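Listed below, chain by chain, are the residues.
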Amino acid sequence: ILNVEQSPQSLHVQEGDSTNFTCSFPSSNFYALHWYRWETAKSPEALFVMTLNGDEKKKGRISATLNTKEGYSYLYIKGSQPEDSATYLCASYQAGTALIFGKGTTLSVSS
Amino acid sequence: KAGVTQTPRYLIKTRGQQVTLSCSPISGHRSVSWYQQTPGQGLQFLFEYFSETQRNKGNFPGRFSGRQFSNSRSEMNVSTLELGDSALYLCASSVTGTELFGYTFGSGTRLTVV
């Protein structure tokens, strides 16, 4: 089972700050990279699915980039709001395996 | 459109007992994956089913088993429960299981073993 690493483990920012998280994964046999947002007392919710090297996705103030050759992805949040407080999970799928999750980055945004 | 339904939501069992958890995926989704979440750990992969066949299995002991029915509903069974099995168990469904589509998660079953 492959290792998916996320950093930092937790992050506390002020409202209006922009922030980013890192997800690293094995670059061999790469197939897809997922990002999810998991709010307290809710279920994880899919943000992005990326497959191509250089892929960039955007949803509102949240965007993500993917580098499959070096095995990393960044998630960016522009102008953080308190409602962005959640745990952000990335998950990697290598061909022939399963969707494996990192431990997540917990973001707390203060107003 | 109904989401992923997991039952029961909460469960308390005694060590040594067995338990069965159920997951009904979104209509039309043929892939169901199961994950375990314990404090300090991420989502640990248990197994994945696609069209009634187990495609992948994580590093869990044989006490953990599952199956998928022809209507794509899935069950997970844990026999001879241990205290360490206390966790949130999440299932997720996807359209084809090719991981090109995001997973839709259920609300989870919170299992407490005493």
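Everything below is about the structure printed above this text.
Calculation notes
Residues numbered from 1 in each chain as written. Chains lettered and ligands numbered in written order. Predicted model: local features only at pLDDT ≥ 70, side-chain atom pairs only at ≥ 80, totals over all residues. Heavy atoms only, no water. Helix = DSSP H or I, 4+ residues; strand = E, 2+ residues; numbered from the N terminus. Rg over C-alpha atoms; globule rule 2.2 N^0.38 Å. Buried < 20%, exposed > 50% of the residue type's maximum accessible area, 1.4 Å probe, protein only. Contact = heavy atoms within 4.5 Å. Areas by Shrake-Rupley, 256 points an atom, 1.4 Å probe, with all protein chains shown as cover. Lys, Arg positive; Asp, Glu negative; His and termini not counted. Charge placed at Lys NZ, Arg CZ, Asp CG, Glu CD. Pairing = 2+ DSSP bridges. Polar contact = N/O pair within 3.5 Å; in protein donor to acceptor, adjacent residues only side chain to side chain. Axes fitted to C-alpha atoms, helices over the stretch in contact; angles between N-to-C directions. Disulfide = S-S within 2.5 Å. Salt bridge = Lys/Arg side-chain N within 4 Å of Asp/Glu carboxyl O.

Colleague: Mind laying out the overall build of chain B, listing which residues take part and the relevant values?
Modeller: Within chain B, the regular secondary structure consists of 0 helices and 11 strands. The C-alpha radius of gyration computed for chain B amounts to 13 Å, which stays within 12% of the reference 13 Å derived for 114 residues, consistent with globular compactness. The principal-axis extents of the C-alpha atoms in chain B amount to approximately 35 × 30 × 25 Å. Per-residue burial over chain B gives 48% buried out of 114 residues. Relative to all contacts within chain B whose residues are 6 or more apart in sequence, the contacts with residues 24 or more apart total 55%. Carbon and sulfur atoms provide 49% of the accessible area of chain B, an area that totals close to 5,200 Å². A gap of 5 Å separates the mean positions of the 11 positive and 6 negative side-chain charges of chain B.

Colleague: Tell me about the pairing of strand β9 (residues 86-94) of chain A, and name the residues and values.
Modeller: All names here are of chain A. Counting buried positions along β9 yields 9 of 9 residues, so the element is predominantly enclosed. Along β9, one buried face is formed by Ala86, Tyr88, Cys90, Ser92 and Gln94 and the opposite face, lined by Thr87, Leu89, Ala91 and Tyr93, is buried too. In this structure, strand β4 (residues 30-38) lies alongside β9, joined through 8 bridges in antiparallel fashion. What sits directly across from Phe30, in β9, is Gln94.

Colleague: I'd like to hear about the environment of Trp34 of chain B, residue by residue, with values.
Modeller: Residue and element names in this part refer to chain B. Among the secondary structure elements, Trp34 is positioned in strand β4 (residues 31-37). Assessed through its relative accessible area of 0%, Trp34 is described here as buried. C-alpha of Trp34 to C-alpha of Asn71: the two residues are 37 residues apart in sequence and 17 Å apart in space. A polar atom in the side chain of Trp34 sits 2.9 Å from the side chain of Ser74.

Colleague: Outline the sheet that holds strand β1 (residues 5-7) of chain A, listing residues and values.
Modeller: All names here are of chain A. A sheet is described by the order of its strands in space; here 5 strands give the open sequence β1-β3-β8-β7-β6, paired in antiparallel fashion. Looking at which strands have only one partner, the edges of the open sheet turn out to be β1 and β6 (56-59). Recorded for the sheet is a direction-independent mean angle of 15 degrees between the axes of neighbouring strands. Two elements, β6 and strand β7 (residues 62-67), share 4 bridges in a ladder whose sense is antiparallel. Within β7, the residue paired with Lys58 across the bridge is Ser63.

Colleague: Can you lay out the sheet that holds strand β3 (residues 19-24) of chain B for me, pointing to particular residues and giving the numbers?
Modeller: Residues and elements named next belong to chain B. The sheet built from 4 strands is open, its strands ordered β1-β3-β8-β7 with antiparallel pairing. Two strands bound the open sheet, and with one partner strand each, they are β1 (5-7) and β7 (64-68). For this sheet, the mean inter-axis angle between neighbouring strands, taken without regard to orientation, is 15 degrees. Two strands pair when backbone bridges link them, and β3 and strand β8 (residues 74-78) are joined in this way by 5 bridges, in the antiparallel orientation. Looking at the pairing, Ser22 lines up with Glu75 of β8.

Colleague: So what about the state of the cysteines? Which residues, and what values?
Modeller: All names here are of chain B. For the structure shown, the criterion picks out 2 disulfides over all chains. Here Cys23 connects covalently by a disulfide to Cys91, the sulfurs 1.9 Å from one another. Sign of the S-S torsion, about 70 degrees for the bond between Cys23 and Cys91, identifies this disulfide as right-handed. One end of the pair, Cys23, is in strand β3; the other, Cys91, is in strand β9 (residues 87-94), with 68 residues separating them in the sequence. Taken individually, Cys23 and Cys91 each receive the classification buried, so the pair is uniform in this respect.

Colleague: Lay out the pattern of salt bridges in plain terms, naming residues and giving numbers.
Modeller: Under the definition given, this model contains 6 salt bridges over all chains. One salt bridge in this structure joins Arg61 of chain A and Asp84 of chain A, with 2.8 Å as the shortest N-O distance. Linking Arg61 of chain A in the loop between β6 and β7 with Asp84 of chain A in the loop between β8 (72-77) and β9, this pair joins segments that are 23 residues apart in sequence. We classify Arg61 of chain A as partly exposed; its relative accessible area is 33%. On the accessibility criterion, Asp84 of chain A (3% relative accessible area) is buried. Salt-bridge contacts for Arg63 of chain B lead to Glu82 of chain B; the nearest nitrogen and oxygen are separated by 3.6 Å. One end of the pair, Arg63 of chain B, is in the loop between β6 (53-57) and β7; the other, Glu82 of chain B, is in the loop between β8 and β9, and 19 residues separate them in sequence. According to the relative accessible area criterion, Arg63 of chain B is buried, its value standing at 15%. For Glu82 of chain B, a relative accessible area of 42% gives the class partly exposed.

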